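Listed here are the chains, written in short residue letters.
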2 protein chains.
Amino acid sequence: MIRAQGPDATMDDIAAGASVTKPILYRTIGDKSALVSALSESLIDQIDRSVNTASRSATDPLGAFEAAIRGYVVAVDADRNLFLFVNSAAPGTDQFRRLVDRSAASMISVFSAARKNVDLDPDGARAWAWAIVGALQVVTTMWLRDDERDLDALVRDVSQLLWSGLGPTLGGRGGASARDLTPGA
Amino acid sequence: MIRAQGPDATMDDIAAGASVTKPILYRTIGDKSALVSALSESLIDQIDRSVNTASRSATDPLGAFEAAIRGYVVAVDADRNLFLFVNSAAPGTDQFRRLVDRSAASMISVFSAARKNVDLDPDGARAWAWAIVGALQVVTTMWLRDDERDLDALVRDVSQLLWSGLGPTLGGRGGASARDLTPGA
DNA sequence: GCTCGCAATTTACTTGGAGTAGATTTTTTT
DNA sequence: AAAAAAATCTACTCCAAGTAAATTGCGAGC
């Protein structure tokens, strides 16, 4: 029902869509944040599957990474209303924190292990995972609203940023300096 | 008033805080989203100043970049209630889009120019800026809630990710493969 | 110096969505 | 077949955003 109705679906709508009255809906699922929580798990599973399937076919690490990013975007795009509904929590709320934690969980273990291999503090994996969750969330949200720029270009650009960083572009002699960076809120 | 009361400040609270009644508040500022919009501009200015001041003292590009990231986090930390209030828009709303656009604006021109210098399509600058806005927003939000882990570690980790990317860590032989990545929503 | 009319302000309302209590129906048990 | 127990539905409360209508205060005319 949410898939049809979009992120503005109200609890009455959802109850009606399920041919059920509100108290029953509430007895079944708890409250709205529990519903969002449950749906976010399901969406994350879906994304995981898409990501894993996509990256499995690649041969080199970078290719796999790019495929993973593409898998994420494709999965979200295929279920955009669910994505928007699940992302209806504002940053700063508990619900947001839980969502980010859940999304980051599997990345954290990967990064943690990888960082150990190159003698980096494994604790930094949390920040990395958060950053990537945020980057993907915002990029995808903005892209969805801009209604369908080129998906391939998006995937390429984001992959490049996350894989190689800004250094190769900004660090080069003669280029713009990082001092001009003015990231906002 | 918002600074004291936090992101849950209601319009009644704000009006009361300003020793004014609600209709006056509304006649003055329009509506809540206009208030958020105005405050976001002011916060972004504040962050810009902090970022620029910080990065100006660095000598090499990477140092400047790290200083910029630190400037961002420090500015947000110094005004965390305003940050949370301004970030009370859920992803997917128009308000969120405007905020991201505003935050990304100054980065886009820098990246666009830098990308031209290294023969990359300048259009990709938008995606890069979005990604960085998202990464910083989420990282900082999560960090604020976790109440004061080590700021230096956070800045180091995030800078490294955005500057050098995951490649050096994940790409190395014997390390974990990107195929294990399962980013969530 | 008083009153009438206009402008600013304030109180008290409407709206809309989340969540729930109490009336009602249905089912089960004796 | 009747009464009790369980499920369901109607109709409510609550809270925050936003607004309309009542009120107060203030300046111009007599």
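No experiment lies behind these values; they were computed from the predicted model shown.

Turning next to the interface of chain A and chain B. With 82 residues of chain A at the contact, the number on the chain B side is 82 residues. For the side of chain A that touches chain B, the element with the highest residue contribution is helix α8 (residues 124-145) of chain A, accounting for 16 residues. Tallied by class, residues from the side of chain A that touches chain B come to 49 nonpolar, 24 polar and nine charged.

Moving on, we come to helix α5 (residues 61-78) of chain B. With 18 residues, α5 of chain B extends 25 Å between its outermost C-alpha atoms, agreeing within 8% with the 26 Å of an ideal straight helix rising 1.5 Å per residue. Burial analysis of α5 of chain B places 13 of its 18 residues in the buried class, which makes it a mostly covered element.

Moving on, we come to the protein's contact with DNA strand D. Neighbouring residues of DNA strand D: 13 residues in total, closest T21 of chain A together with T10, M11, D31 and K32 of chain B. Elements supplying a minimum of two residues to the surface near DNA strand D: α3 (22-29) of chain A together with α2 (11-17) and α3 (22-29) of chain B. Of the residues contributing to the surface near DNA strand D, the split by class is six nonpolar, two polar and five charged.

So, about the environment of A18 of chain A. Residues and elements named next belong to chain A. Within the fold, A18 resides in the loop between α2 (11-17) and α3. According to the C-beta neighbour criterion, A18 is exposed, with 12 such atoms within 10 Å. Sequence-distant contacts of A18, that is, excluding residues within four places in its chain, are made with M1 and L25.

So, about the protein's contact with DNA strand C. Taken together, 13 residues sit near DNA strand C, with T10, M11 and K32 of chain A together with T21 and P23 of chain B positioned nearest. Elements represented by at least two residues in the surface near DNA strand C include exactly α2 and α3 of chain A together with α3 of chain B. In the surface near DNA strand C, the residues fall into six nonpolar, two polar and five charged.

Take the relation of the copies chain A and chain B next. Once chain A is rotated about the relating axis by 180° and shifted along it by 0.0 Å, it coincides with chain B to within an RMSD of 0.0 Å. The symmetry that links the two subunits is that of a two-fold axis. Comparing interface residues between copies, 100% of those in chain A also lie at the interface in chain B; the contact surface is shared.

One way to put it is that α8 of chain A packs onto helix α9 (residues 151-164) of chain B with a least axis distance of 9 Å and a crossing angle of 55°. Relative to α9 of chain B, α8 of chain A is oriented oblique. Seen along the crossing, α8 of chain A lies across α9 of chain B with a hand that is right-handed. On α9 of chain B, the residues that touch G124, A127, W128 and A131 of chain A of α8 of chain A are A153, L154, D157, V158 and L161 of chain B. When grouped by side-chain class, the residues that make up the contact of α8 of chain A with α9 of chain B number seven nonpolar, one polar and one charged.

It is worth spelling out helix α7 (residues 94-117) of chain A at this point. Residues and elements named next belong to chain A. Taking 1.5 Å of rise per residue, the 24 residues of α7 would be expected to cover 34 Å, and the 33 Å separating its terminal C-alpha atoms lies within 8% of that figure. By the burial criterion, the buried members of α7 are F96, L99, V100, S103, A104, M107, V110, F111, A114 and R115. The positive-phi residue at the C-terminal boundary of α7 is D119, with phi of around 60°.

Averaged over every residue, the pLDDT of chain A is 90; residues scoring 70 or more account for 92%. pLDDT under 50 marks residues 174-179 of chain A. Its contacts with residues more than four places away, or in other chains, come to 21 contacts.

With that out of the way, let us pick up the environment of T21 of chain A. Residue and element names in this part refer to chain A. Among the secondary structure elements, T21 is positioned in the loop between α2 and α3. Looking at T21, the number of C-beta atoms within 10 Å reads 11, which means it is exposed. Residues T21 and A78, spaced 57 residues apart in sequence, show a C-alpha to C-alpha distance of 29 Å.

What counts, and where the lines are drawn
- Residues numbered from 1 in each chain as written.
- Chains lettered and ligands numbered in written order.
- Predicted model: local features only at pLDDT ≥ 70, side-chain atom pairs only at ≥ 80, totals over all residues.
- Contact = placed C-beta atoms within 7 Å.
- Helix = DSSP H or I, 4+ residues; strand = E, 2+ residues; numbered from the N terminus.
- Nonpolar A, V, L, I, M, F, W, Y, C, P; charged D, E, K, R; others polar.
- Expected span 1.5 Å × (residues − 1).
- Buried ≥ 20, exposed ≤ 12 C-beta atoms within 10 Å, placed from the backbone.
- Near = placed C-beta within 6 Å.
- Least-squares fit on C-alpha atoms with pLDDT ≥ 70 in both.
- Axes fitted to C-alpha atoms, helices over the stretch in contact; angles between N-to-C directions.
- Parallel < 35°, antiparallel > 145°, perpendicular 65-115°, else oblique.
- Left-handed = near helix turned anticlockwise from the far one by under 90°.
- pLDDT = per-residue confidence, 0-100.

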